[in-house]
Every structure is written in C-alpha cells, then in structure tokens.
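# Coordinate analysis (summary)
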Amino acid sequence: MKLDETEKMQRDPPHLDKVEMKVEFDKSTYNHRLAELQYQLKELSLAYGRQRMRSVVVFEGQDAAGKGGTIRRMSWPLDPRMLKVWPISAPSDDEKEDHYLARFWRRLPRAGQMVIFDRSWYGRVLVERVEGFASKTEWRRAYGEINEFERMLSDDGVRLIKIFLHITPDEQLARFRARFSDPFKRWKLSEEDLRNRSKWHDYETATNDMFKKTSTEAHPWVVIAGNNKRYARLKAIATIVEGLSQGVDMRLPTLVPAFEKRAAEALGIAKKPQT
C-alpha cells in the first residue's frame, strides 16, 4: 500500500479491544445538550452554505449500533437543501459493472452541502471481505485506493469525518430482540443482520485491519462506545461539529447598507438609533 507523502498513517490507530465501553452519562442533561449541538450543527451548515464549502460524514459500525438514530437527530435541525443522506446497501447489478468507488463519486456533496453516508466505501474491506464478495487481491488493494480517494477529496476542499459506532455482542442481541418484538421496528431486522452476527469475530478482525490501514493523520477514524445510545449520539455529533468547524468563518453576514435601508423602508421597520 503506497501513500502520498502528505497522507501519513495515524501513529496509534483505534482497536476495538481498547474501546472503553463503560461510560458515565448523566441522562438528565441529554435533551439540553442535544439541543445545543443541533443548534451548533445548524449554524455550521449555514456557514458552509454561505461559503460554498462541502463536507462528508461517514458512519460505520455493527448492525444496530445506532447509526440511523444519530443521523436522524443530525437531520432534524438542518435545511434539507444543504443535507443529503445516503443509506448504502449492496450495489445494484448496474453498479457491479462499475469500479466499486464509482457509486460514491456520484453521491459526493455539491457546493454548500453536507453528505452523510450510512455505511460507505468501506464495505469493500468489511462485508465484501468477510462474505467473499471481493477477492483477497481486491480487498487488500482497496486500502490504498480508499486512502487515495479520501486524499483526493480533501485536496478538492471536501472536509471528511469518519465515525465508527461500536457495541458489544450482548448489546446487539438485546437490540435485535427488541426489534423483533416491535411490529413497527421488525422491518429493520434482516437476514443479513443474523448472518453478520454469526461472523462477529471475522468482522472484528476486518474492522481492526481497516483502522490500522486507513486511519490516517488527515482522516482518522473516531471510534465511539455505542452501548449507551444517548451518549453515543452526543459524542458523535460533538465530534462532527468540532471537526467540521475548524477554520470556518462562523460570522453572520451583514447587509449591504443601501439594501438594508431600502428593505427597512419597504417593510415599515424603523432603524434603531445608534447609541
């Protein structure tokens, strides 16, 4: 795997065995803190829109880790014109005829837009590796291809954040049982979920290899303990706000004086006297 000199590997990449799953969390502060983060995310989205900036957020994690719930809470406060969410599943027959990255190129953000991938191009080194949908040569080659793909995005001005939500096997089992028992959520439980669970160890190995080979200094993986849904949502959104706001001008635009005067007159708004 060859990397551009500017794309160095993270010195201490994440490892699932090192994630502290027992976290202290004050439930009483959840709604207040969530509202704060959603407001900050809205401000950030508007700043990106004004400055025609682009961002990509990648969510990966075990089945039922909470990706969808976190994405929903990110989506609520945002203008849908500035946000696009792509839930990624198996490629279509037509997409299988293309390079595996092609369908992601077609889903990249336009100017002023944030794109969220609910699963992503990392499927090549996760599910496609474990389930045998990609040959060993293909998925081993993909690490370098992915790093180069992400480097090209950043070279073109796209901000990228990569989040992995991690839960334990026992927590996943509890969530699967809850889904199966709830008629309104049963549709979320699939044959693939059960198949993937039976290969938990294989997926852990593939995930740790992914961290080791694609967690770079420029685009590190952020692994979040997901057994507590509320904690994971706040941590993920805070990570995204912090990462995407660095170096961004958050100041609100000022009106052109001539237009401000004309608009105030047309709307019958008296201009406040200067003190």
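Structural notes, computed from the coordinates. Bear in mind the structure is a predicted one, so any value in this text is a computation, not a measurement.

What counts, and where the lines are drawn
- Residues numbered from 1 in each chain as written.
- Predicted model: local features only at pLDDT ≥ 70, side-chain atom pairs only at ≥ 80, totals over all residues.
- Heavy atoms only, no water.
- Helix = DSSP H or I, 4+ residues; strand = E, 2+ residues; numbered from the N terminus.
- Buried < 20%, exposed > 50% of the residue type's maximum accessible area, 1.4 Å probe, protein only.
- Contact = heavy atoms within 4.5 Å.
- Areas by Shrake-Rupley, 256 points an atom, 1.4 Å probe, with all protein chains shown as cover.
- Lys, Arg positive; Asp, Glu negative; His and termini not counted.
- Charge placed at Lys NZ, Arg CZ, Asp CG, Glu CD.
- Pairing = 2+ DSSP bridges.
- Axes fitted to C-alpha atoms, helices over the stretch in contact; angles between N-to-C directions.
- Phe/Tyr/Trp six-rings, centres within 6.5 Å; stacked < 30°, edge-to-face > 60°.
- Core = buried A, V, L, I, M, F, W, Y, C linked by side-chain atoms within 4.5 Å.
- Parallel < 35°, antiparallel > 145°, perpendicular 65-115°, else oblique.
- Left-handed = near helix turned anticlockwise from the far one by under 90°.

### What to know about the overall build of the chain
- Within the chain, the regular secondary structure consists of 11 helices and 5 strands.
- Projected onto its principal axes, the C-alpha coordinates of the chain cover approximately 70 × 45 × 40 Å.
- Within the chain, the proportion of its 275 residues that are buried is 44%.
- In the chain, 82% of the contacts between residues at least 6 apart in sequence involve partners at least 24 apart.
- Accessible surface, the chain: about 16300 Å² in total, of which carbon and sulfur atoms supply 51%.
- Across the chain, 50 positive and 41 negative side-chain charges occur, with their mean positions spaced 4 Å apart.

### So, unusual backbone geometry
- You will see that Ala64, though not glycine, has its phi angle at about 70°, which is positive.
- Here Ala64 shows up in the loop between β1 (54-61) and α2 (67-75).
- A positive phi is found at Arg119, a non-glycine position, where the angle reads about 75°.
- You can see Arg119 is positioned in the loop between β3 (114-118) and α5 (127-130).
- Note on Arg119: relative accessible area 24%, which makes it partly exposed.

### Some points on the sheet that holds β1
- Taken in spatial order, the 5 strands line up as β2-β3-β1-β4-β5 in an open sheet, and their pairing is parallel. The outermost strands of the open sheet, each flanked by one partner alone, are β2 (83-87) and β5 (221-225). Averaged over all neighbouring strand pairs, the angle between strand axes comes to 20°, with direction disregarded.
- Examined bridge by bridge, β2 and β3 share 5 bridges and lie parallel to one another.

### Topic: the packing of aromatic side chains
- Inspection of the entire model under this criterion finds 13 aromatic pairs.
- Aromatic pair Phe104 and Trp121: ring centres 5.6 Å apart, planes at 80°, arrangement edge-to-face. Note that Phe104 is positioned in helix α4 (residues 102-105) and Trp121 in the loop between β3 and α5, a separation of 17 residues in sequence. Like Phe104, the residue Trp121 is buried in the burial classification.

### What about the nonpolar core?
- One finds Trp121, Tyr122, Val125 and Met210 to be the most contacted residues of the largest nonpolar core, which totals 34 residues.
- Of all the secondary-structure elements, those providing two or more residues to this core are β1, β3, α6 (136-155), β4 (158-166), α9 (200-214) and β5.
- For this core, the element with the highest residue contribution is α6, accounting for 6 residues.
- Not counting residues up to four positions away in its chain, the partners in contact with Met210 are Tyr122, Val125, Leu126, Tyr143, Phe164, Ser215 and Trp221.

### Brief notes about the packing of α2 against helix α10 (residues 229-245)
- Two elements in contact, α2 and α10, have axes separated by 10 Å at closest approach and are oriented at 55°. By the criterion of interaxial angle, the relationship of α2 to α10 is oblique. In the crossing of α2 with α10, the sense of the turn from one axis to the other is right-handed. Contact with α2, carried on its side by Gly69, Thr70, Arg73 and Met74, involves Arg233, Ala236, Ile237 and Ile240 of α10 and no other residues of that element.

On their own, these measurements won't tell you what the molecule is for.
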